[in-house]
Amino acid sequence: MSISSTVSLITSWLSALDFFILFPLVTMSASVSKTKEMWGTVLLISCFIQAGLVFGTLRSFGIFFPEFVEYFDSAAGSVSWVTSCAVAVQQLMSPLGCALALRLGSRPVVILGGFLSSLGMFFASFSTELYQLYLSIGGVSGLGWALIFSPSMAAVTCYFSRRRSLAAGFVLTGVGVFSFALTPLLQYLVEEYSWRGAMLLLSGVALHSVPCGALLRASSEDLPAQSRSFLWGWELLCNWAFLRYCLAVTLINAGYFVPFTHLVAHMRTKGIGDHQAAFLMALVGVADVGGRLFAGWLSDLSPKRTLPLLSLWTGLSAVVLGLLPLMAGDVKMGAAAIAFGFCAGALTPGVFSALPWVVGVEKVLPALGLLQMLESVGGLFGPPISGE
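These figures come from a predicted structure and were not determined experimentally.

Here is what the cut-offs are and how they apply
- Residues numbered from 1 in each chain as written.
- Predicted model: local features only at pLDDT ≥ 70, side-chain atom pairs only at ≥ 80, totals over all residues.
- Heavy atoms only, no water.
- Helix = DSSP H or I, 4+ residues; strand = E, 2+ residues; numbered from the N terminus.
- Buried < 20%, exposed > 50% of the residue type's maximum accessible area, 1.4 Å probe, protein only.
- Areas by Shrake-Rupley, 256 points an atom, 1.4 Å probe, with all protein chains shown as cover.
- Axes fitted to C-alpha atoms, helices over the stretch in contact; angles between N-to-C directions.
- Parallel < 35°, antiparallel > 145°, perpendicular 65-115°, else oblique.
- Contact = heavy atoms within 4.5 Å.
- Nonpolar A, V, L, I, M, F, W, Y, C, P; charged D, E, K, R; others polar.
- Patch = residues over 30% accessible without salt bridge, like charges linked within 9 Å, V, L, I, M, F, W, Y side chains within 5 Å.
- Salt bridge = Lys/Arg side-chain N within 4 Å of Asp/Glu carboxyl O.
- Phe/Tyr/Trp six-rings, centres within 6.5 Å; stacked < 30°, edge-to-face > 60°.
- Left-handed = near helix turned anticlockwise from the far one by under 90°.
- Arc of directions from axis to C-beta.

**Student:** What's the story with the overall build of the protein chain in this structure? I'm lost.
**Tutor:** Helix and strand counts for the protein chain come out as 16 helices and zero strands. Out of the 388 residues in the protein chain, the part that is buried amounts to 57%. When the accessible area of the protein chain is evaluated, it comes to approximately 15600 Å², of which 71% is carbon and sulfur surface.

Following this line, the structure appears as structure tokens:
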């Protein structure tokens, strides 16, 4: 079977999966939109998939890293800007996604983001120069991810109050689950179809954000009426407590994405094979899932301690991240990588569930957009600096 026919077959199968699995959920969401319990379930499923398609994909880009270095004959630091630009644009444009969600509702915004994220990776599969990857993945897909992630997380944070941390933790486990699934899958696709074919198929996977966006409400019914102003919430830039929180998260962000960009290449320089490296990264995704669920459950036991627990998980992540370059061999490096996955996964729900304690529930949506915009500086410069 030729590559083109195989790609067509897999894409058709993915479309069928959308119809038979996601379309009934869309129908169910329309019929139970007034039932709080059922709607909460639909919301969690939708945002779980969306979070996985955004950051699960970003975390899996390390598989492409050695291929890009070789094909474009560029330094590791230059190639690192592909992922950094995508993360930075996703975070920098988050206020736009939140503002559009306030005016139009989450559903059309997320659907548009799904199209853009898929389109960017489709264009990337035809790139012949490195700057084209910056524009396609960093610019187009990054903008699409901004329109997907922030409105989805804000919807979960605003909807749940009693189990907010656990709900955020469950949604963000999608990142670990998709990382676990995509890392070995992309390694196989790169070997079978080259990085271009793998990127083309990944664009088809990204298109699944479109039916997931259709699962959301047609309008932001759960938001307070005064939140409909397009510039509502920008006064938070004068809130010193919020700015200190943004600075802390920015510093966290500078180191958070480094292992997901460079760890596969680092393992290869230490003599670990391609499949073993992909398998270890998949285990990082599994540990990430456990960390997010455990941290969400622990935080909900005492919601007022969300910020201290966030500090604890951040400190542990920093310690393990510092130990990673010192590890040698499959076992030691794998143990350190899994420990980092657990701690890094555990801190993520706290970043979102702590926002209501910092700014209040009514300002969560604009605060989330501004937080992601300000922390984009860390995501932009962290991986390239560490790759020099």
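Let us keep going from here.
**Student:** What exactly am I supposed to notice about the packing of helix H11 (residues 258-269) against helix H14 (residues 330-353) here?
**Tutor:** Geometry of a packed helix pair, given as the angle between the helix axes and the separation of the axes. In contact at an axis separation of 13 Å, H11 and H14 are set at 175° when each is read in the N-to-C sense. With respect to each other, H11 and H14 are oriented roughly antiparallel. Counted together, Pro259, Phe260, Leu263, His266 and Met267 of H11 and Met333, Ala337 and Phe340 of H14 form the full contact between these two elements. In terms of residue class, the contact of H11 with H14 is made up of seven nonpolar, one polar and no charged.

**Student:** What am I meant to see in unusual backbone geometry here?
**Tutor:** Negative phi is the rule for most residues except glycine; trans is the rule for most peptide bonds. One non-glycine residue with positive phi stands out, namely Asp73, at about 50°. Inspection of the secondary structure puts Asp73 in the loop between helix H3 (65-72) and helix H4 (76-92). With a relative accessible area of 70%, Asp73 lands in the exposed category. Here Ser194, not a glycine, exhibits a phi torsion of approximately 70°, which is positive.

**Student:** Sorry if this is basic, but what is going on with a nonpolar patch on the surface here?
**Tutor:** On the surface, Leu166, Phe170, Leu293, Phe294, Trp297 and Leu301 cluster together to form a nonpolar patch covering roughly 520 Å² of accessible area. Per-element tally for the nonpolar patch: the top contributor is helix H12 (residues 274-301), with four residues. Judged by its relative accessible area of 34%, Phe294 is partly exposed.

**Student:** Help me understand the packing of aromatic side chains, please; the structure alone is not making it clear to me.
**Tutor:** Here a ring pair, both rings aromatic, is described through the centre-centre distance and the interplanar angle of the planes. Counted under the stated rule, the structure contains 15 aromatic pairs. With 5.5 Å between their ring centres and 70° between their planes, Tyr71 and Trp195 make a pair best called edge-to-face. In this pair, Tyr71 is assigned in helix H3 and Trp195 in helix H8 (residues 164-206), connecting sequence segments 124 residues apart. On the basis of relative accessible area, Tyr71 is assigned to the partly exposed category, the value being 42%. The exposure class assigned to Trp195 is buried, which follows from its relative accessible area of 5%. Seen from their ring centres, Phe294 and Trp313 are 6.2 Å apart, and the 85° between their planes marks the pair as edge-to-face. Separated by 19 residues along the polypeptide, Phe294 in helix H12 and Trp313 in helix H13 (residues 306-323) bring together distant segments of the chain.

**Student:** What should I look at first to understand the pattern of salt bridges in this one?
**Tutor:** Pairs may arise between side chains of opposite charge once their charged atoms sit close together. Evaluated as defined, the whole model comprises one salt bridge. With a shortest N-O distance of 2.3 Å, Asp288 and Arg292 are connected by a salt bridge. Of this pair, Asp288 and Arg292 both sit in helix H12, four residues apart, which is roughly one turn of the helix. For Asp288, a relative accessible area of 0% translates into the label buried. By relative accessible area, Arg292 is classed as buried at 2%.

**Student:** Whenever I open this one, the environment of Ser80 confuses me. Can you help?
**Tutor:** As for its position among the elements, Ser80 is in helix H4. When the C-alpha positions of Ser80 and Thr261 are compared, they lie 7.0 Å apart, and in sequence the two are 181 residues distant.

**Student:** Teacher, can you tell me more about the packing of helix H6 (residues 106-124) against helix H7 (residues 130-159) here?
**Tutor:** Remark: H6 packs on H7, axes separated minimally by 7 Å, with the N-to-C direction vectors making an angle of 160°. The angle between the axes of H6 and H7 places the two elements in the roughly antiparallel class. Seen from above, H6 lies across H7 with left-handed handedness. Of the residues that constitute the contact of H6 with H7, the class distribution is 16 nonpolar, nine polar and no charged.

**Student:** Where do I start with H3 in this structure?
**Tutor:** Two residues of an α-helix separated by three or four positions point the same way, owing to the 3.6 residues in each turn. Within the span of H3, buried status applies to Phe65, Pro66, Phe68 and Phe72. Looking straight down H3, one finds that the buried residues subtend no more than 165° of arc, so they occupy a single side. Its buried side turned inward, H3 meets H4, H7, H8 and H11.

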